[in-house]
Every structure is written in structure tokens, then in C-alpha cells.
Amino acid sequence: MTSISVIGAGYVGLVTGLGLADLGHRVTCVDMDPVRLDAIDSGRVPFHEPGLDELLARNLGTTFSVTDDLDLAVRESSVTFLAVGTPSDENGIDLTFVEAACADLGRVIADKPDQHVVVVKSTVVPGTTDGPVTAALERASGKAAGDEFSVAANPEFLTEGRAVVDFFEPDRIVIGVDDPHAEAVLREVYRSFADTPLVVTNARTAEMIKYASNALLATMISFTNELANLGAAVGGIDTTEVMTGVHLSRYLTSYTDEGPVRAEISSFLEAGCGFGGSCLPKDVAALSAHAASVGSGHVVLDAVLDTNRNQPGELVGLVEQELGTLESKAVVVLGLAFKPDTSDIRESPAIPVIERLLAGGATVKVHDPVVRLEDLPDAISSAVTQVTDLHEAVESGEALVLVTRWDQYQELPALLDALSQPPLLVDGRRVIDPRSVARYAGIGHS
Ligand code: NAD
Ligand code: UGA
């Protein structure tokens, strides 16, 4: 059993903290957001994540606690995971939260007698753990990294919506360490994962593995979207069948005695209105800016982002093309979350889709099973209305624009079939069979 503190009780910090607590470690999550802390302390997970409530109920008050007292949490632990946000802007990664947390952490490490281990779980560009993180900790503690305290990189690969499963059944654990004490401590923290592939490398390589992984997924999505747009422009090409044909390649499908088994990577070759979320867009942008800052090429990364920025416009363009104009048209946006099974709207394609619809003069209603109107940016929440019932939603517009592939939208063909004058369905995720609805338009569909 290791005593662990986690700074940041967001998606990554809370899932990691509760997961490690469930495995028997003693974990304290530190956050500075009182609303978030109150919710967790009273047994409520402050965001939608399947399975996390049960994990909290099982561990709160025994192996798991939350606090705003960083000093105490760090003092009573031997390892601290940093799981604060790392946003990016046009200048690259913003390390404000990481550096502020390191300054607080360093002050506690200053008079801690043991060799405390600081583990960077936040996604940071290569060179951050052994660069700005180590420098901030050394500055605040007056101690030397490697001799008097340790630093390590341990990137996170969870996917929102299946974060709990990802924690308990990880595909890999990556540990970037430059000293043996950090390696020994992290091996002990992850001792329950004996069957999981473990990559032990240096901090920079570990950091790069994380970016390379996300950049590959983003590249595959933009590649598919570009092909879908091309197929629609050429005409007479069914993008779904194109991708089915591509997926059947032995590189993407294994042929076993039980039949073909599609590799999971294929799920990143689905055309649509683009990737969103708190990670793919910001990580590709941060890597591109980092490449520029060290004088390295980043043409592919920039093209991936350009194509992605273009996709919401492609979707709204279809609505306009089919309705003739957006002016005064009633349009219902189906799905606000950046993907199903999460309440997260960070960088959701729904936002630019709604903005473009409003700019074109449409009257916009929105539907989402978990996201609430007040979660949206003010400029949008004040300009749209929310419909909570899907039956009512399909009757509320001249066009329905599907942005998030929530399971319940599979009911759309049946719901539309029951209407005497069904609206146009514009499928931003290509999840509805075009033949199953009266009026269909979709990304990559000519
Ligand atoms: P988040 O915004 O959900 O959570 C961050 C939390 O840190 C917030 O609750 C905030 O209040 C807290 N915080 C910030 N500074 C603090 C400080 N000084 N002291 C105490 N608390 C502080 O972020 P997230 O989605 O969990 O992402 C965290 C990191 O993990 C990012 O680098 C992200 O790129 C990476 N990551 C995220 C995911 C994901 O699916 N969300 C997956 C893999 C990696
Ligand atoms: C992604 C990665 O999948 C995780 O491995 C990684 O740990 C995480 O980022 C992270 O670093 O935070 P996540 O953002 O939760 O996870 O969601 P994804 O399932 O990857 O979807 C991202 C976006 O891509 C969604 O908007 C989704 O709709 C979109 N997408 C996905 C497509 O547009 N097309 C596809 O074919 C697949």
C-alpha cells in the first residue's frame, strides 16, 4: 500500500485517485474548486462518467478522501500525481496550472524528510517534466531533483465514457523516469497490473508517446473526413461502404476461426463533423506549436487541425443546401456532448455547428440526454432553447442535425416514420442508414 496524493480532482485525477484507492492504496485528491470538492465529499461525482459513482461510494471515507489542503495531503503521502489541466492556445501548451501546483508542492517538499516522488500525469509536451516541472519544484523546495526528490512522467490514456474500464484494464502503462527511486515507487503503485504491457523509458519519451498516440487518432479522423468530403464532391460514392472496404484489410481486421474481428483502431476511421473533446484538438495544437518552437516540421499536424475546423461548416452547409436557406428555419441539434456517454462539451463540434446555424438566421433548439443548457457558453445558451424529450425534439424542426452519436438516436428512423411530414435528417456522424428515413443528408453522402 502506498500513500498517494493527487493534485486535481477532474476526470483524470478523480478516476486515477479512486482507481488506485480501490486497489488498496491510500489516496487523497486535492482540488481548489470548492463546488467540486463538496460534491465529491458528499458522494456525488461532479460529471457524467459510467461506474465512477460506485467507485466513489465504495472508497470514500475508507481508502479515499478529498481536500483543499494541499500541504497536509502531500505531507502525508510519499507520491504526488499531478493531474491538473494543460490547455493550449495559439502559442502552445499553457503550463500555468502545472507550474502553480509545482510551486505549492515544492514548498511542502522543502521540509519533507523522505525522497518524495512527483508524477506528471497531465499531458505535457516533451521536455516539460525534466524542464519546467523540475525547475519549478527545485526553485520552490531548494532541493535537487534526483538526489532529494524524484520526478516522473506517467501519461494517461483513459477515454471519457469508459474511463473506469480503462483504469482497471489499461492497454499499457507508460512510465518515464530518470532515477531508480521513482521507478521502484511507480512499479509498486501499479503492482496490480502485472499482465499489462509496461513501457519504462525516460520522461521525454513517455511524454512523446502520449502526443504521438493522440495525434495518430486525430490524423486518422481528419484523413477519413477529407476522403468523405472528396467522395461527396465526386458524387456517387458511398463513404460508409468505402470505409467498410478499407476496414476489411488484414491490417485492420483479423481473420480468426470465429470470423473477422475488426481492430478497435477502425473506430477512428469514421467520417463525421470532426473530433472534439478536451484532448485531441488541444494536444495536436500543442504538439504543432511545440514543433514550431524547436524548428521542426508540422505540416501534417496543421492539416489535421485545418480539416477538423472545416467539418462543422460542411455539416451546416448540408443543412443550408437541403433547406435552400437557414434564414428563419427551425433546426434541432441532436447532441451537445463531444461524444456519447459523457457530459463534457469541451471543444464539442456542436458549438461551432450551433454558432453557424445561428449566424445563418436559423432558430435553434438543442437536445442532449445529459448536457444541460446552462453548461453551454452564455452566448449560445441565451440564443437557443432546449428540448428534453426526443419525441418532442423530432417534431420541433424542419431539419434535425445529428452531432453526437448517442445510442438513443438509433430510434430516429422509427420516430420519423411515425410523422406525417418528417423533417430532414442531417447526419453528422453517419450512424443512420440513409434508406431508413424519408429525407436524409450526411457527411460524405452525395
Ligand atoms: P479537468 O479540468 O477535468 O481537471 C483538472 C482539475 O484540476 C480541476 O478540478 C481543477 O480545479 C484542478 N486544479 C487545477 N489547478 C489546481 C491546483 N493548483 N491545485 C488543486 N487543484 C487544481 O482536467 P482533466 O480532463 O482531468 O485533464 C487533466 C490532464 O489530463 C490534462 O493534461 C489532460 O490533457 C490530461 N488527460 C485528460 C484526459 C481526459 O479524458 N479528460 C485523458 C488523458 C489525459
Ligand atoms: C481521446 C483518446 O481516444 C484517448 O486514448 C486519450 O487518452 C484521450 O483522448 C485523452 O488524451 O484525453 P476522448 O477525447 O475521450 O479520448 O475521446 P475519443 O473517443 O478519442 O473521441 C474524440 C473525438 O473524436 C470525439 O469528438 C469523437 O466524436 C471524434 N471521433 C472519433 C470522430 O470524429 N471520428 C472517429 O472515427 C472517432
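Look up: the structure comes first, before these words.
Residues numbered from 1 in each chain as written. Chains lettered and ligands numbered in written order. Predicted model: local features only at pLDDT ≥ 70, side-chain atom pairs only at ≥ 80, totals over all residues. Heavy atoms only, no water.

Draft legend 1. Focus on the sheet that holds strand S2 (residues 26–30). If you walk across this open sheet you meet the eight strands as S3-S2-S1-S4-S7-S8-S9-S10, and the pairing is mixed. Taken across any chain shown, the strands that pair with only one partner, and hence form the sheet edges, are strand S3 (64–67) and strand S10 (198–201). Strand after strand, the sheet turns through a mean of 20 degrees between neighbouring axes, direction not considered. Against the sheet, helix H1 (residues 11–22) makes contact with strand S1 (3–7), S2, S3 and strand S4 (79–82), and its axis sits at roughly 165 degrees relative to S2, the strand it touches most. (Pairing = 2+ DSSP bridges. Helix = DSSP H or I, 4+ residues; strand = E, 2+ residues; numbered from the N terminus. Axes fitted to C-alpha atoms, helices over the stretch in contact; angles between N-to-C directions. Contact = heavy atoms within 4.5 Å.)

Draft legend 2. Representation of the pairing of strand S17 (residues 424–427) within the structure. Residues Leu 424 and Val 426 point to one face of S17 and Leu 425 and Asp 427 to the other, with burial holding for every one of them. Examined bridge by bridge, strand S16 (residues 399–402) and S17 share four bridges and lie parallel to one another. Looking at S17, one finds that Leu 400 is bridged to Leu 425. What joins S16 to S17 is helix H16 (residues 412–417), and the crossover it makes is right-handed. Alignment of S17 against strand S18 (residues 440–442), held across three bridges, turns out to be parallel. Considered in S18, the bridge of Val 426 is made with Ala 441. (Buried < 20%, exposed > 50% of the residue type's maximum accessible area, 1.4 Å probe, protein only. Right-handed = clockwise from strand over helix to strand, strands pointing away.)

Draft legend 3. Structural detail: the site of ligand 1. What surrounds ligand 1 is a group of 26 residues, the closest being Asp 31, Thr 86, Thr 123, Glu 160 and Lys 282. In this structure, Ser 278 approaches ligand 1 through a side-chain N or O atom, which is 3.5 Å from a nitrogen atom. A distance of 2.7 Å separates an oxygen atom of ligand 1 from a polar side-chain atom of Lys 282. When ligand 1 is considered free in solution it has 830 Å² of accessible area, and contact with the protein chains removes 89% of it. Every element with two or more residues in the shell around ligand 1 is listed here: H1 and helix H5 (96–109). Residue classes in the shell around ligand 1 are distributed as 11 nonpolar, seven polar and eight charged. (Near = heavy atom within 4 Å. Polar contact = N/O pair within 3.5 Å; in protein donor to acceptor, adjacent residues only side chain to side chain. Areas by Shrake-Rupley, 256 points an atom, 1.4 Å probe, with all protein chains shown as cover. Nonpolar A, V, L, I, M, F, W, Y, C, P; charged D, E, K, R; others polar.)

Draft legend 4. Expanded view of the nonpolar core. By size, the foremost hydrophobic cluster in this structure holds 53 residues, and its most contacted members are Val 319, Leu 357 and Leu 412. Those residues in contact with Leu 357, other than ones at most four positions away along the chain, are Val 316, Val 319, Leu 326, Val 331, Val 333, Ala 362 and Val 364. Within the second largest apolar cluster, 39 residues are counted, among which are Val 119, Ala 152, Ile 173 and Val 177. (Core = buried A, V, L, I, M, F, W, Y, C linked by side-chain atoms within 4.5 Å.)

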